[in-house]
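Examination of the molecular architecture
One-letter residues, chain by chain:
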Amino acid sequence: MKFFVDTAEIAEIAELNDLGMVDGVTTNPSLIMKSGRDILEVTREICDLVSGPVSAEVVATEAEAMIAEGRKLAAIAENIAVKVPLTWDGLKACKVLSDEGRMVNVTLCFSANQALIAAKAGARFISPFIGRLDDINLDGMDLIRDIRVIYDNYGFETEVLAASIRSVNHVLESARIGADVITAPPAVIRKLADHPLTDQGLAQFLKDAAQARITIL
Ligand code: G3P
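Here goes a summary of the coordinates provided. Remember, predicted model here, so these are calculated numbers, not experimental data.

Analysis parameters
- Residues numbered from 1 in each chain as written.
- Predicted model: local features only at pLDDT ≥ 70, side-chain atom pairs only at ≥ 80, totals over all residues.
- Heavy atoms only, no water.
- Pairing = 2+ DSSP bridges.
- Helix = DSSP H or I, 4+ residues; strand = E, 2+ residues; numbered from the N terminus.
- Axes fitted to C-alpha atoms, helices over the stretch in contact; angles between N-to-C directions.
- Contact = heavy atoms within 4.5 Å.
- Near = heavy atom within 4 Å.
- Polar contact = N/O pair within 3.5 Å; in protein donor to acceptor, adjacent residues only side chain to side chain.
- Areas by Shrake-Rupley, 256 points an atom, 1.4 Å probe, with all protein chains shown as cover.
- Nonpolar A, V, L, I, M, F, W, Y, C, P; charged D, E, K, R; others polar.
- Buried < 20%, exposed > 50% of the residue type's maximum accessible area, 1.4 Å probe, protein only.
- Lys, Arg positive; Asp, Glu negative; His and termini not counted.
- Salt bridge = Lys/Arg side-chain N within 4 Å of Asp/Glu carboxyl O.

We now examine the sheet that holds strand E3 (residues 54-57). Taken together, 8 strands build a closed barrel; the order of strands is E1-E2-E3-E4-E5-E6-E7-E8 and the barrel is parallel. Each strand of the sheet is rotated relative to its neighbour by a mean of 30 degrees, with strand direction disregarded. Both strand E2 (residues 24-26) and E3 contribute to a ladder of 2 bridges, which runs parallel. In the strand pairing of E3, Thr26 is matched with Ser55. Together, E3 and strand E4 (80-85) form the strand contacts of helix H4 (residues 63-74), whose direction differs from that of E4 by roughly 160 degrees. Against the sheet, helix H5 (residues 88-99) touches E4 and strand E5 (103-109), its axis set at about 155 degrees to E4.

Moving on, we get to the site of the ligand. Taken together, the residues surrounding the ligand are Asp6, Asn28, Phe129, Arg132, Ala163, Ser164, Arg166 and Thr183. Contact between the ligand and Asp6: an oxygen atom at 2.6 Å from a side-chain N or O atom of the residue. At a separation of 2.7 Å, an oxygen atom of the ligand approaches a polar side-chain atom of Ser164. Contact with the protein chains removes 81% of the 310 Å² of surface that the ligand exposes when unbound. For the shell around the ligand, the per-class residue count stands at 2 nonpolar, 3 polar and 3 charged.

With respect to the secondary-structure elements, Asp6 resides in strand E1 (residues 2-6). The charged side chain of Asp6 is buried without a salt bridge, its nearest counter-charge being Lys83 at 5.0 Å. At 2.7 Å, the side chain of Asp6 forms a polar contact with the side chain of Thr26. In this view, Asp6 contacts Thr26, Leu31, Thr183, Ala184, Pro185 and Pro186; residues no more than four positions away in its chain are not counted.

Here it is in structure tokens:
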């Protein structure tokens, strides 16, 4: 499973990238706002750092304007995936940009039918938002499961990019189901390393090492 990091914070991306944890990056207008950076500048910096797909989102709502914005974003670097919302205009933009050979990430997906038509429009990635479905008392993982089945039934090559990941269990469930990619905030990726028994075991080992006066260097 590929790990994308869901942030526009350069330092966080760099730290995880040095550890080999970053197969790509996703951003959106909210994350760009949080970074306080200019979208074109910060996206260029991210692309210089990471060789995998870097999603940058359009802000237009009409297909022609989305296409123009998408082309401008794609000109930043070879590894840009243009992110468009799952609206009818977004699907039109997806088709045109995909036919031009650009990677398109169709975002704000909340139903399996939306995922089905995004695949038909040539999306390279579909981004179902797990956490936001959980927020309204639905089960975001059911959506990932349904999309996996539908894409496998018909051999769609669109990659399932599990998004709006809020917890380590979202990551685990996505891996069990077979999502191609998860995109998660850096804090969630770091938490994947945590286990209380690891902390407890290490504390005991260090205590015993001190008692036995074990030194290595
Ligand atoms: O990748 C989509 C993500 O940024 C949305 O996450 O937590 O705002 O629903 P969230």
